[in-house]
Amino acid sequence: MGTTASQLGKDMLSEYQELTFLTKQEILLAHKRFTELLTRDEKDLANTRVPIERILTLPELKSNPFRKRICHVFSTSEYKDGSLTFEDFLDLLSAFSDSATLEIKSHYAFRIFDFDDDGTLDCGDLEKLVNCLTGETDDTRLTPEEMRQLINNILEESDIDKDGTVNLSEFQHVISRSPDFVSSFKIVL
Amino acid sequence: MTRDSLITSENDVDIGLEFEGLDDEVDTFQEEHERERHRGKRRDGERTKKKKRGNGERRKRASRGGQEEEKLQARHEKKGRRKRSRSDQQAKGREGDEAEQPKIKSSKAAKTRKNVKNEKTRKVEKEEKDEKEDEAEDEERNVKRKKKHGSAKKEENVEDGNKHTVKKKKRKKVIETSSEKETSEEEDNEEEDSEEKEVRPETLTPEELETLKEAVDERKKLIQGLRGKPWAMKKKLVTLRESQEFVEKYEGALGKGKGRKLYAYKVMMTKKWMKFKRDFENFKTACIPWEMKIKEIESHFGSSVASYFIFLRWMYGINMILFCLTFGLVMVPEALMGRPYGTIPRKTVPRAEAPSAMDFAVLWDFGGYAQYSVLFYGYYNNQRAIGWLKFRMPLSYFLVGVGTVAYSYMVVIRTMARNANESGVGDDNSFNFSWKMFTSWDYLIGNPETADNKFASITTSFKEAILEEQESRKDDNIHLTRFLRVLANFLVLCCLAGSGYLIYFVVRRSQKFALDGLENHTWWERNEVNMVMSLLGMFCPMLFDVISALENYHPRVALQWQLGRIFALFLGNLYTFIIALMDEINLKREEEKIVKFNITTWEASLYNITASENSTAPPVTIQPADVPRGPCWETMVGQEFVRLIISDTMTTYITLLIGDFLRAVLVRFLNYCWCWDLEAGFPSYSEFDVSGNVLGLIFNQGMIWMGAFYAPCLPALNLLRLHVSMYLQCWAVMCCNVPQERVFKASGSNNFYMAMLLVILFLSTLPAIYTIVTIPPSFDCGPFSGKKRMFDVIQETLESDFPAWFSKVFSYASNPGLVLPFILLMALAIYYLQSTSKSYKEANVELKKKLQTQNEENKKKNKLAALKAQMDLEEARKAASPSAEHQKNNNASTDQEADEEEDRGRSPRMYNSKNGRSPPPPRHDGHLTATRAPAPRNYQHGSQVSAGYLPGFTLENEARMHRVPSLQRHGGSEKTKQHVTQD
């Protein structure tokens, strides 16, 4: 591949610009931040994977309830451990960047919300999603009754084909109508 | 063994996917699997054959898997394979093994099949995971095969090198497939690489060139759209490189001879141009001011606080333009080319004021030298053309005034339209819950505290939405609430009226003070108006906040009320201020009349004196400072506005420093030695009040628009203010504010603010236009002195600077007979556009409905197909499995069959179950019997003698029958588990 995580070649940089929604400055900044996550001896190695624990120390992800999901979705690791290479990291930032299209944002959002990776959002996914959104503390949790009601309502709205789950196209349909998805589905370094 | 289970599990997944209705093509795929399985079950002896087939299947799948993003290893290997095949080619590898024609054919067939399969790649991603263990091994085999394949093809190429036709056909086919399916692109690419290397451009016919060109264009498009693909970076990189390579290779081939060079040049230039564009984009983003600052805030406080700063920046941009207009077209020309200071009375400080004209207090009030400078209206001369450029100063002044307003209108409306476009049909409420669910998290939040607040607010919003949905919102005492709300509104109205009266009173009093002479009064009395206005603007919102607690509104509604009230307050204050100013203007005009009369007598006496003293003496030169002059109400108005802006700015900054910074410091450091927790308790830290700040900004801008005509320096001042605000507020937010408790989303309210800005713009241009149109300008100051009305300058220009016919046309055009129909026409156009937009909206709704029904129909069709396939399977299974079991246990098998009958009868109902993901039970049964075929057999074998087994078996069946409905809700795995335990 010729990818060196320790320094970005000029043509590498331009390729990354071609392939992501990031500008040159953003890529360089991302690279800087990423190399800060590496340990000393990892810096010399090309294509290092940074384990999920270290990725999650980034302040931008630290308070995000979906941080683990985000890492898992963007990770290309074979072991499904959520570790990211620099390229995965760039993918992440690109999808969350300002100029990324609604399409790609909604695609990744869907995969992030799809907790069991089965390609649809079913009741279990929705429940987990609600729990993520309402936080860990008990006082913000919804009661089971509320949860049931909420999930029913959501399915009623967005499950167009009435199969009990929300699939990608339904999800994108819903998202594309939303006035503030694009402005809030952003992570900036 | 493993393969058996492997296939069935795959099957399972396939079916599960199918029920999700992802694709109907899966049908065929599944059938294939079925057949395979039956074969496997029936002919145990034909293991080898099956193995072969399974291998083929798997190989195909594995090669597909090579594309999959998760598979690093696979990719490496593939890369290696590609490299190998390429190097083989370059060496014109004749050393490759002698592959026979049939083999090639079979591989070709495999390829086409593969292409078909590729469509499904995405859908069956899942199943590849199951195969992971076998993959490495498979991949190796695959590589070998591929290698063979590649070299074989070359062999073929070498063999019939001159017979292009065969190859071309093949290539065309490949190209077509590649254009159809993006996923298969990569693979095809390789093949294309290996095949097309041989093709020399000169031998191509025009159609082939056409196809080639299409392919190249396709690639280019792919490169362009690559960033919008949700692939892993590695895959994107590979695709990019390959596509680029492809494009580079064949772009040259497209042009022939001379054209080729030109073409290459063109390609090169496009490349350079792309690079330049990209660099320019980078440069542009680097040029956006305060981007990093705002992003930092965004990541701490979420998008709503950042939206204020973005608004501020936008405002700054507008003011920059306004400033450029006034500065470049009015102030600079007058300062450079107009008569210098002290040449005429209006450009000189009067004798009486001269001693104190340089005092700081006076300058701070914009009196003295500041008053008699380009900063204010009165300084400008009414000379038609100034300097060597013959710059039409009065005309320019007028046009800039009009242009400022016109530009502001244009920008605001355009931004509003764009925002409305962006939010699109955001007003339809059909996805209320889903939006709350899917889009409520603000991913920018990087601060734990903000995140906690966000969690809380999301929870409340969920709960509220549920409550609203249930419509069980109890109004414990509707009369009390109503009464309280009326009371609150009454109180607010009282507040508004009171503040209005206070301002009016203060302005009138200040006029009295002004008549007495400002020197006799204290600082407070001199600045009363502005201070009172600022203080009201500061404390009334707090009062409103307290009052609104009475009303018990939903927080969002409460916020809207609050905003509306503050808006009304500001507006009322502004308008009272203007009314008071109007009074003052009238007073000044009275004064002006007297002065005018005095001046004529004074001039007459002057001449009389000179005439009587000495008729031959040269006319007495009077210092311009000594000439009596009128009050010049325009400058007065300008001064008032400038003072207002200054005091407003000062109050904002001081509240910022005291209210935010000092409070934060006190809370922070006194917390160590205080009896209660200051940080969590009463004073705590302040929040950043987005709506209040935005309103402040909007009103500030309104004042600018109102006053800019009479004080050209206002945009410059405002620019300064906004600049300082940006830094000061950024700093204050970052260092002493805590995130809001109620985190509001930014974009929803964006257009709300814009609408307010538009209203303010309209309301602030009204008085300005009124004064321009109705009040005659002062006789001895300003660019329009000596004219009856300010806009006469247009007519004057028309008459003297344009040919006669032009003014004639203009006068015709401006007569009511033409203007009225024109207005009518515009109204009609608006009506027409509105009605079309309404009809579009209706069509939209109609289409949505149609889409929905179509979707449902499709779903039904899919389900039917699935059902049919499932029936087939059932039948086949029945034919297969009982045959084995029949010999063992007749009784049991009949029982089981009965059970299956039952299951099948029930199956349609199960399909309609809400949970589509759980695979339908009948299939599970089949699966179960297939995978665990040996176990029950043993069981039966052993217990055949005992009579007690039979009831047990039926009991199990019964249990299953009962359980099935309840199981529908659970996942399939659980079901399987249950069966296992039962067994």
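In case you missed it, the structure is sitting above this.
Rules used in this analysis
- Residues numbered from 1 in each chain as written.
- Chains lettered and ligands numbered in written order.
- Predicted model: local features only at pLDDT ≥ 70, side-chain atom pairs only at ≥ 80, totals over all residues.
- Heavy atoms only, no water.
- Contact = heavy atoms within 4.5 Å.
- Buried area = accessible area lost by both parts, 1.4 Å probe.
- Salt bridge = Lys/Arg side-chain N within 4 Å of Asp/Glu carboxyl O.
- Polar contact = N/O pair within 3.5 Å; in protein donor to acceptor, adjacent residues only side chain to side chain.
- Helix = DSSP H or I, 4+ residues; strand = E, 2+ residues; numbered from the N terminus.
- Phe/Tyr/Trp six-rings, centres within 6.5 Å; stacked < 30°, edge-to-face > 60°.
- Buried < 20%, exposed > 50% of the residue type's maximum accessible area, 1.4 Å probe, protein only.
- Lys NZ or Arg CZ within 6 Å of the ring centre and 35° of its normal.
- Patch = residues over 30% accessible without salt bridge, like charges linked within 9 Å, V, L, I, M, F, W, Y side chains within 5 Å.
- Areas by Shrake-Rupley, 256 points an atom, 1.4 Å probe, with all protein chains shown as cover.
- Disulfide = S-S within 2.5 Å.

A. Representation of the interface of chain B and chain A. Contacts between chain B and chain A engage 76 residues on the former and 81 residues on the latter. Carbon and sulfur atoms make up 59% of the surface buried where chain B meets chain A, a total of about 7500 Å² over both sides. At the junction of chain B with chain A, the criterion picks out one salt bridge. Measuring nitrogen to oxygen at the nearest pair gives 3.0 Å for the salt bridge that ties Glu15 of chain A to Arg241 of chain B. One can count one residue pair in polar contact (both at pLDDT 80 or more) joining chain B with chain A. Where the side of chain B that touches chain A is concerned, the elements lending two or more residues are helix H4 (72-90), helix H11 (233-254), helix H12 (257-287), helix H13 (291-301), helix H18 (432-439), helix H19 (448-470) and helix H30 (816-886) of chain B.

B. Region of the structure containing the packing of aromatic side chains. Taken as a whole, this structure holds 47 aromatic pairs over all chains when the rule is applied. Both rings, one in Phe66 of chain A and one in Phe113 of chain A, keep their centres 5.3 Å apart while their planes meet at 55 degrees; by these two values the pair is tilted. Taken together, the positions of Phe66 of chain A in the loop between helix H4 (59-62) and helix H5 (67-74) and Phe113 of chain A in helix H7 (residues 102-113) put the pair 47 residues apart, joining distant regions of the chain. Relative accessible area serves as the criterion here: at 1%, Phe66 of chain A is assigned to the buried category. Phe113 of chain A sits in the buried class, given a relative accessible area of 1%. Taking the centre distance of 4.9 Å and the plane angle of 20 degrees together, the rings of Phe802 of chain B and Phe806 of chain B count as stacked. One Lys or Arg, Arg69 of chain A, reaches over the ring of Phe115 of chain A and ends 5.6 Å from the middle of that ring. A cation over an aromatic ring shows up here: Arg668 of chain B above the ring of Phe669 of chain B, its NZ or CZ 5.8 Å from the ring centre.

C. Spatial organisation of a nonpolar patch on the surface. Residues and elements named next belong to chain B. A cluster of nonpolar residues, Phe360, Trp364, Met650, Ile654, Leu657, Ile658, Phe661, Leu662, Leu666 and Trp731, forms a patch on the protein surface that exposes about 960 Å² of accessible area. Looking at the nonpolar patch, the elements that each hand over two or more residues are helix H15 (360-364) and helix H24 (633-670). For the nonpolar patch, the leading source of residues is H24, giving seven residues. Looking at the element boundaries, Phe661 is found in helix H24. For Phe661, a relative accessible area of 30% translates into the label partly exposed.

D. Region of interest: the side chain of Ser647 of chain B. By the element assignment, Ser647 of chain B lies in helix H24. Excluding its chain neighbours within four sequence positions, the residues that come into contact with Ser647 of chain B are Asn530 and Ser534 of chain B.

E. Looking closely at the environment of Ile594 of chain B. Summarising the element assignment, Ile594 of chain B is placed in helix H23 (residues 555-613). It is 8.7 Å that separates the C-alpha atoms of Ile594 of chain B and Gly630 of chain B, two residues lying 36 residues apart in sequence.

F. Spotlight on unusual backbone geometry. All names here are of chain B. In the Ramachandran plot, Trp290 falls in the positive-phi region, its phi being about 60 degrees despite a non-glycine side chain. Of note, Trp290 is situated in the loop between H12 and H13. Not every positive phi belongs to a glycine, and Phe366 is a case in point at roughly 60 degrees. Inspection of the secondary structure assignment puts Phe366 in the loop between H15 and helix H16 (368-371).

G. Spatial organisation of the environment of Gly564 of chain B. Residue and element names in this part refer to chain B. Summarising the element assignment, Gly564 is placed in helix H23. For Gly564, a relative accessible area of 35% translates into the label partly exposed. In the structure, Gly564 is positioned 192 residues away from Met756 in sequence and 9.7 Å away in space, judged by C-alpha atoms.

H. Highlighting the state of the cysteines. Residue and element names in this part refer to chain B. Scanning the entire structure with this criterion turns up one disulfide over all chains. Two residues, Cys632 and Cys781, share a disulfide whose sulfurs are 1.9 Å apart. Of note, the bridge from Cys632 to Cys781 carries an S-S torsion of about 100 degrees and is right-handed in sense. Here Cys632, found in the loop between H23 and H24, pairs with Cys781, found in the loop between helix H27 (746-774) and helix H28 (792-801); they are 149 residues apart in sequence, far enough to count as distant. Note on accessibility: Cys632 and Cys781 belong to one class, buried.

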